[in-house]
Amino acid sequence: MSRTPILETILDTSARVGSLLVPAGSLESCLGKFAYPLTVWTHDDVLKISLLGSSIGIVHSGRPLVVCSKHQLRGCELSDVGLLLSGGEKLITSSGSRTFHEGEHLQESDAYDVAAFNLTEPASEYPELSKDFFKFQQPPPDTVSKNIVAFIVAGYPSKDQKYDLEEKNHLGTVRRVLTAEPDSQPSDPALLKLKFLQTLDFDPDGLSGGPAFVVLLVGEEFQVYLGGMVLRSGKSHCYILKSGFLWSFLDSYS
């Protein structure tokens, strides 16, 4: 794996991800697995599923959830959104969903561009469904900028995906894991602008909905938190919904 300059500061030590200490050189692969392709059942006998970018698998307040941006779901029935089991042989849909309605100030802030799908019921039947979900126990603590080591962003760019269900019945998903740093605070307080450490050499369409983890120096230990969710991306920057707003939204999901 290539080593990016900002990660060199921690490559010979470890960072805490929940209760685990993960070697810094393995952080990208460890955190990338919490990104999932956003999958929708199409009701078509041939092209049975559609891929709509990225999503995050998390456990919040004991519930396994898939979280994405609302704009990814335009034209979709929420009941058709689901998660592929390992191997891609079965699509498991949720037992409920939560999003903001059109009248809930959607034009005022990107804080409302979010949707969550509850997998508690299907996970009881298919335990492997959520075994690798990220334990979202709290947003990152407030800290000074010098304690932010890096952001690690993961997702499934649309043009990377190997989608040939019509002729070969084959679905091959490709995940990208990227490193970024804080760039600026947009006028919308729900957002944070990140700058990729290297300009992307691929089309970033499809990264929306993916996680952005932040590596922080807390005391004398490096700790990893869910820093936010990608809402839109270019080749040099992306905008994320801060995880504090995501946390508040999930707390309202009953």
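Residues numbered from 1 in each chain as written. Predicted model: local features only at pLDDT ≥ 70, side-chain atom pairs only at ≥ 80, totals over all residues. Heavy atoms only, no water.

Draft legend 1. Geometry of the environment of L178. Inspection of the secondary structure assignment puts L178 in strand β14 (residues 176-184). For the pair formed by L178 and G155, sequence separation is 23 residues and the distance between their alpha carbons is 8.8 Å. (Helix = DSSP H or I, 4+ residues; strand = E, 2+ residues; numbered from the N terminus.)

Draft legend 2. Spatial organisation of the pattern of salt bridges. One pass over the full model with this rule turns up six salt bridges. Among the ionic pairs, R232 bridges to D110, the shortest N-O distance being 3.2 Å. Taken together, the positions of R232 in strand β17 (residues 221-233) and D110 in the loop between β8 (97-99) and β9 (115-118) put the pair 122 residues apart, joining distant regions of the chain. In this structure R232 comes out as partly exposed when scored by relative accessible area, which is 37%. You can call D110 buried: its relative accessible area is 19%. We note a salt bridge from D203 to K159, for which the minimum N-O separation is 3.4 Å. With D203 in the loop between β15 (191-196) and β16 (211-218) and K159 in the loop between β11 (148-155) and β12 (162-164), this pair connects stretches of sequence that are 44 residues apart. D203 sits in the partly exposed class, given a relative accessible area of 30%. Taking the relative accessible area as the measure of exposure, K159 reaches 69% and is therefore exposed. (Salt bridge = Lys/Arg side-chain N within 4 Å of Asp/Glu carboxyl O. Buried < 20%, exposed > 50% of the residue type's maximum accessible area, 1.4 Å probe, protein only.)

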